[in-house]
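Architecture at a glance
The chain contents come next:
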Amino acid sequence: MKTLQLFLVLVVLSLSSCSSVQVNADYDKKANFESYKTYAYSKNAIDKVEISDLDKKRILRSIDEALVTKGFTKSETPDLLISIFTKETERIDIYNNNGFGWGWNPWWGMGMSYTNVSRTPEGTLFIDLIDAKTKELVWQGEGNGYLTKDTEKKDFRIKEFVDKILAQYPPKMK
């Protein structure tokens, strides 16, 4: 029984750590999204993002790839300026098991209990699209999910964040 309970806790932990990126987007309903064809990055905004330069490069590279597939081109005189912002938090999950089972104690399984603590870094990436002429925010996408410190997996994870966020662009006008 104890083995089954431990197995279930491990399954729940592994499923929660593999959770997908949750996305949301908001936009200016008066913006003409069909008129936007070119983009550039807002250097001042990108420089202020408090993450490693390597992760910035990963994010910007992923944005470039996603926008090219949508028909955008980089330009010195862009229609859109792109800004990013990131936040990191730590998700702490505590699992208590106060069950009965076989164990090595004087009561032979009475009051077997253990606590498992799981710490998972989570991050939020915001991608802002700003009208270059008016300097007004016209679209904002947000993605939230777990982060990895494994450099082999970072490229994939960051690309997943960016692709899922930019899948919301352009907005479906009603």
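Counting of residues starts from 1 at the beginning of each chain's written sequence and follows it residue by residue. Confidence filtering applies because this is a predicted model: local features only for residues at pLDDT of at least 70, side-chain atom pairs given and counted only at 80 or more, and all residues used for totals across whole chains, interfaces and linings. Side-chain numbers here rest on the full set of heavy atoms in the structure, without hydrogens or water.

**Looking at the packing of aromatic side chains**
Both the distance between ring centres and the angle between the ring planes are used here to describe each pair of aromatic rings. Aromatic pairs are defined between Phe, Tyr and Trp rings, using the six-membered ring for Trp, whenever the two ring centres lie within 6.5 Å; interplanar angles under 30 degrees are classed as stacked, those over 60 as edge-to-face, and all others as tilted. Within the structure shown, the criterion is met by 8 aromatic pairs. Here F33 and Y36 contribute two aromatic rings whose centre-to-centre distance is 6.0 Å and whose plane-to-plane angle is 70°, an arrangement assigned as edge-to-face. Each member of the pair, F33 as well as Y36, carries the same accessibility label: buried. Seen in terms of ring centroids, F72 and Y169 are 6.0 Å apart; in terms of plane orientation they differ by 50°. Their pairing is tilted. Of this pair, F72 sits in the loop between α3 (53-69) and β3 (73-74) while Y169 is found in the segment after α4 (151-166), placing the two residues 97 residues apart along the sequence. For each residue, the accessible area found with a 1.4 Å probe, counting protein chains only, is set against the maximum for its type, and the residue is called buried under 20%, exposed over 50%, and partly exposed in between. A residue is classified by how much of its surface remains accessible, and F72, at 7% relative accessible area, is buried. Aromatic rings pair up to connect Y27, F33, Y36, Y39, Y41, F72, W139 and Y169 into one cluster. Counted as over-ring charges are cases with an Arg CZ or a Lys NZ within 6 Å of the ring centre that also lie within 35 degrees of the ring normal. Sitting over the face of the ring of Y27, K29 holds its NZ or CZ atom 4.7 Å from the ring centroid. The ring of Y146 has R157 lying over it, and the distance from NZ or CZ to the ring centre is 3.8 Å. What counts as a helix is a DSSP run of H or I of at least four residues, what counts as a strand is a run of E of at least two, and both are numbered from the N terminus.

**Some words on the packing of α3 against α4**
Think of each axis as a best-fit line through the C-alpha atoms, taken over the contacting stretch in the case of a helix, with angles from 0 to 180 degrees between the N-to-C directions. In the contact formed by α3 and α4, the axes pass within 9 Å of each other and the chain directions differ by 45°. As far as their axial angle goes, α4 and α3 are oblique. Every pair of crossing elements has a handedness; the one defined by α3 and α4 is right-handed. Judged by residue contacts, D55, R58, I59, S62, I63, E65, A66 and L67 of α3 engage T151, K154, D155, I158, K159, V162, D163 and L166 from α4. In terms of residue class, the contact of α3 with α4 is made up of 7 nonpolar, 2 polar and 7 charged. What sets the label is the angle itself: under 35 degrees gives roughly parallel, over 145 gives roughly antiparallel, 65 to 115 gives roughly perpendicular, and the rest give oblique. Take the far helix as the reference: if the near one is turned anticlockwise from it by less than a right angle, the crossing is left-handed, and if turned clockwise, right-handed. A contact between two residues is defined here by any heavy atoms of the two lying within 4.5 Å. Residue classes follow a fixed rule: Ala, Val, Leu, Ile, Met, Phe, Trp, Tyr, Cys and Pro count as nonpolar, while Asp, Glu, Lys and Arg count as charged, and any other residue, Gly among them, counts as polar.

**Observations concerning the pattern of salt bridges**
Salt bridges are defined as contacts in which a side-chain nitrogen from Lys or Arg sits within 4 Å of a carboxyl oxygen from Asp or Glu. Scanning the model with the defined rule gives 10 salt bridges in all. For D163, the salt bridge identified is with K159, shortest N-O distance 2.9 Å. Separated by 4 residues within a single helix, D163 and K159 lie in helix α4, roughly one turn from each other. Among the ionic contacts, a cluster of salt bridges with common partners joins D55, R58, K154 and D155.

**Observations concerning α4**
Each α-helix winds once per 3.6 residues, and so residues spaced three or four apart point in a common direction. Under the convention used throughout, the expected extent of a helix is 1.5 Å for every residue step, that is, one less than its residue count. For α4, spanning 16 residues, the distance from its first C-alpha to its last is 23 Å, which sits close to the expected 22 Å at 1.5 Å a residue. Listing the buried residues of α4 in full gives K154, R157, I158, E160, F161, V162, I165 and L166. Where α4 begins, the capping side chain belongs to D150, and its oxygen is found 2.9 Å from the backbone nitrogen of E152. Here a polar contact is recorded for every N or O atom pair within 3.5 Å, except that within protein the pair must consist of a potential hydrogen donor and a potential acceptor, and residues adjacent in sequence are included only if both atoms are side-chain atoms.

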